Amino acid sequence: MLALSHYNSSASPLLPHFSNDSAGKVEVGVAVEGLLQQGNFSSVQPNTSGVIVVILSMTLGIISNIVALFILANAYSLQRRRSKATFLLFASSLVVTDFIGHVIPGALVLRLYLHGGVRPEDFDSSDGMCQFLGGSMVFFGLCPLFMGCAMAAERCLGVTRPLLHSALVTKTRTKICLSVIWLAALCVAILPCFQLGSYNYQDPGTWCFINVLSDTEEVDVAFVVLFSGLGLTSLAVAMVCNTISGLTLVLARLRRQPGSHHSAKSHDIEMVVQLVGIMVTSCICWSPLLIFGLMSVIHSYTGSIGDDLSNYKTLMVMGVRLATWNQILDPWVYILLRRTVLRKIYLIAKCQVGLRGNILGRWEPTSFPSSEKKEVNQV
């Protein structure tokens, strides 16, 4: 999107002096239009639809994160199991990070939209706001990925090695782990301050990110490889850990003797289900931007991007739009994938399917214990 330029004809030597009659005004308009077509000036007004979309997205994200944070804070205050309290501390920190990461970059993007964005010839430039916006996107992009990976590893240890988990995982160590995650993401985000990479405006001039498409150098390639590599590695580790946790719980459930009850496992089931939701959301939202960034910078650096430059710009815009939905969808993982909701889904599904005595029947309602347990057992 182009920026709104304020133009004073009387101060420019390029325009002759015209009278105030209607003919003079027409000639002035023609002269200005000619200069604009030559690319010297821009007078595009802010895109109203773009502003509305940004405002609606910010509003939805703020409401979603506040609701999820309220639910998590209430659950944390009532929780007595240490493993569950650790998970809720991670989850609450993730929601707070998502909330801040949605508001700060969103406000800067909205400001750019309101000012009409920057001109195409300024896409390769960078100012203080662009540096801050680009760094914010890197920081608030890596933090959720790192936290999702740490949460998956913590749950995998808790499910497969509960005694070792009890000895190693404490609230203090969890807070230290969160601090290390924030610090690591910050260190990556500020690398351009030390000339190790760069941020610049991206098409259509309303957001800033790592330089991947124009005049890329070795440090730009290294920076993108570091950012995308860390993000994709976090997703891969989370996927492995969640798979191990899920298979362990399924095997434990299938090997359980009839009539035995292990309601404590319900907490593990709930947490693993939520972690799978976080992982799926992160993969869908962040994988395109991470992959498109790698593709773009490699083709740009090798000079093979050629006539496909517009296509790569479109891919980057699609990738960042998907990434912004991560902060909106993450809170709904906790809102919708709670035991109370899962229990209702389980009851509805079992009543609809009407399965009795088969494999599904082995997943007793003790997975999500409640006062409705007796009623379900009678079905």
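Structure shown above.
What you are looking at is a predicted structure, and each value in this text was computed from that prediction instead of being measured.

A. A look at unusual backbone geometry. Cis geometry is adopted by the peptide bond preceding Pro 204, which originates at Asp 203 and carries an omega value of 10 degrees. Unlike most non-glycine residues, Gln 195 shows phi in positive territory, near 65 degrees. With respect to the helices and strands, the residue Gln 195 is situated in the loop between helix H6 (171-189) and strand S1 (199-202). Overall, Gln 195 belongs to the exposed group, its relative accessible area being 62%. Of note, Asp 215 is a non-glycine position whose phi angle comes to about 50 degrees, a positive value. The topology assignment puts Asp 215 in the loop between strand S2 (207-210) and helix H7 (218-254).

B. A look at the state of the cysteines. Here the structure, examined in full by the defined rule, presents one disulfide. The disulfide that involves Cys 130 links it to Cys 208, with 2.2 Å between the sulfurs. On the sign convention where negative means left-handed, the S-S torsion of about -125 degrees between Cys 130 and Cys 208 marks this disulfide as left-handed. Of this pair, Cys 130 sits in helix H4 (residues 128-160) while Cys 208 sits in strand S2, and the two are 78 residues apart along the sequence. Looking at Cys 208, the relative accessible area reads 0%, which means it is buried.

C. Inspection of the side chain of Ser 245 at higher detail. Tracing the chain through its elements places Ser 245 in helix H7. A polar contact is formed between the side chain of Ser 245 and the backbone nitrogen of Cys 156, at a distance of 3.4 Å. Among residues more than four places away in sequence, those in contact with Ser 245 are Arg 155, Cys 156, Val 159 and Val 272.

Thresholds applied
Residues numbered from 1 in each chain as written. Predicted model: local features only at pLDDT ≥ 70, side-chain atom pairs only at ≥ 80, totals over all residues. Heavy atoms only, no water. Helix = DSSP H or I, 4+ residues; strand = E, 2+ residues; numbered from the N terminus. Buried < 20%, exposed > 50% of the residue type's maximum accessible area, 1.4 Å probe, protein only. Disulfide = S-S within 2.5 Å. Polar contact = N/O pair within 3.5 Å; in protein donor to acceptor, adjacent residues only side chain to side chain. Contact = heavy atoms within 4.5 Å.

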